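Examining the three-dimensional arrangement
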Amino acid sequence: MAVFEGNFTLTNNLKFAIVIARFNDLVTGKLIEGCQDCLKRHGVDPNPQGTQVDYIWVPGSFEVPLMARQAALSNRYDAVICLGAVIRGQTPHFDYVAAEVSKGIAAASFQTGVPVVFGILTTDTMQQALERAGIKSNLGWNYAMNALEMASLMRQFKGNSSAAYGVFDENVVTTQALPAESGRKITGRSEIEHQDSAHD
Ligand code: INI
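Residues numbered from 1 in each chain as written. Predicted model: local features only at pLDDT ≥ 70, side-chain atom pairs only at ≥ 80, totals over all residues.

Details of helix H1 (residues 25–41)
- End to end, H1 covers 24 Å across 17 residues, agreeing with the expected 24 Å (1.5 Å per residue, within 8%).
- By the burial criterion, the buried members of H1 are Val-27, Thr-28, Lys-30, Leu-31, Ile-32, Gly-34, Cys-35, Gln-36, Cys-38 and Leu-39.
- For H1, the elements touching its buried residues are strand E1 (16–21), strand E2 (53–58), strand E3 (79–87), strand E4 (116–123), helix H4 (126–132) and helix H5 (139–159).
- Phi for Gly-43, located one or two positions after H1, is positive at around 85 degrees. (Helix = DSSP H or I, 4+ residues; strand = E, 2+ residues; numbered from the N terminus. Expected span 1.5 Å × (residues − 1). Buried ≥ 20, exposed ≤ 12 C-beta atoms within 10 Å, placed from the backbone. Contact = placed C-beta atoms within 7 Å.)

Overview of the environment of Ala-151
- Mapped onto the fold, Ala-151 is located in helix H5.
- Residue Ala-151 is classed as buried on the basis of its 28 C-beta neighbours within 10 Å.
- Considering only alpha carbons, one finds Ala-151 and Val-80, 71 residues apart in sequence, at a separation of 9.1 Å.

Digging into the packing of H1 against H5
- Close contact between H1 and H5 brings their axes to 6 Å; oriented N to C, the two are set at 50 degrees. Compared by their axis directions, H1 and H5 come out oblique. The interaxial crossing formed by H1 with H5 has right-handed handedness. Contact with H1, carried on its side by Lys-30, Leu-31, Ile-32, Glu-33, Gly-34, Cys-35, Asp-37, Cys-38 and Leu-39, involves Leu-139, Gly-140, Trp-141, Tyr-143, Ala-144 and Met-145 of H5 and no other residues of that element.
- Along the lines of polarity and charge, the residues of the contact of H1 with H5 split into 10 nonpolar, two polar and three charged. (Axes fitted to C-alpha atoms, helices over the stretch in contact; angles between N-to-C directions. Parallel < 35°, antiparallel > 145°, perpendicular 65-115°, else oblique. Left-handed = near helix turned anticlockwise from the far one by under 90°. Nonpolar A, V, L, I, M, F, W, Y, C, P; charged D, E, K, R; others polar.)

So yeah, pure geometry; function would need other evidence.
So this is what it looks like as structure tokens:
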């Protein structure tokens, strides 16, 4: 038997997408800085002109899951980091937006087999959000750590022939009925990749 565990050192080949909501960009801009700082200190080049990190901007947190899923399906990234800030004080829609974005991000990860990190702050006030985005601590750093760990864990798991990766992945995909719009039954990872590349 084996133990699988992510590490934070073999990072120079890892690739990430960061999907960021513009809404509350005072907060999300700070989360990006925390992410970049963490990635850089662990050997990942966060430069958008470089080869390791792409940045995808969307209007608000509600739109994050769609682009996270697209990024995961593109087969370009080891992990996707989602950044947003949903603040209760600003809208009666808080509960709807917060619920949809959390469900959507979980679905994007399960459906694609790619780690998708939930980096959406849900707070009562702007003050609380800012405290988590740099004033007290910066959770952007933690989200990047989660992405590094999951990216390296997935690489190890896929690379180990004794791990039942294909069976595991096939179960996840078929039970999540992905993607509904295709009208085709998806039976495994290779077919998802094939289907996605047809849209590129
Ligand atoms: N989007 C956020 O990211 N955070 C919020 O706090 C927020 N509020 O307060 O409404 C918000 N709304 C926009 C939403 O995410 C969508 O962009 C919009 O509804 C269009 O689909």
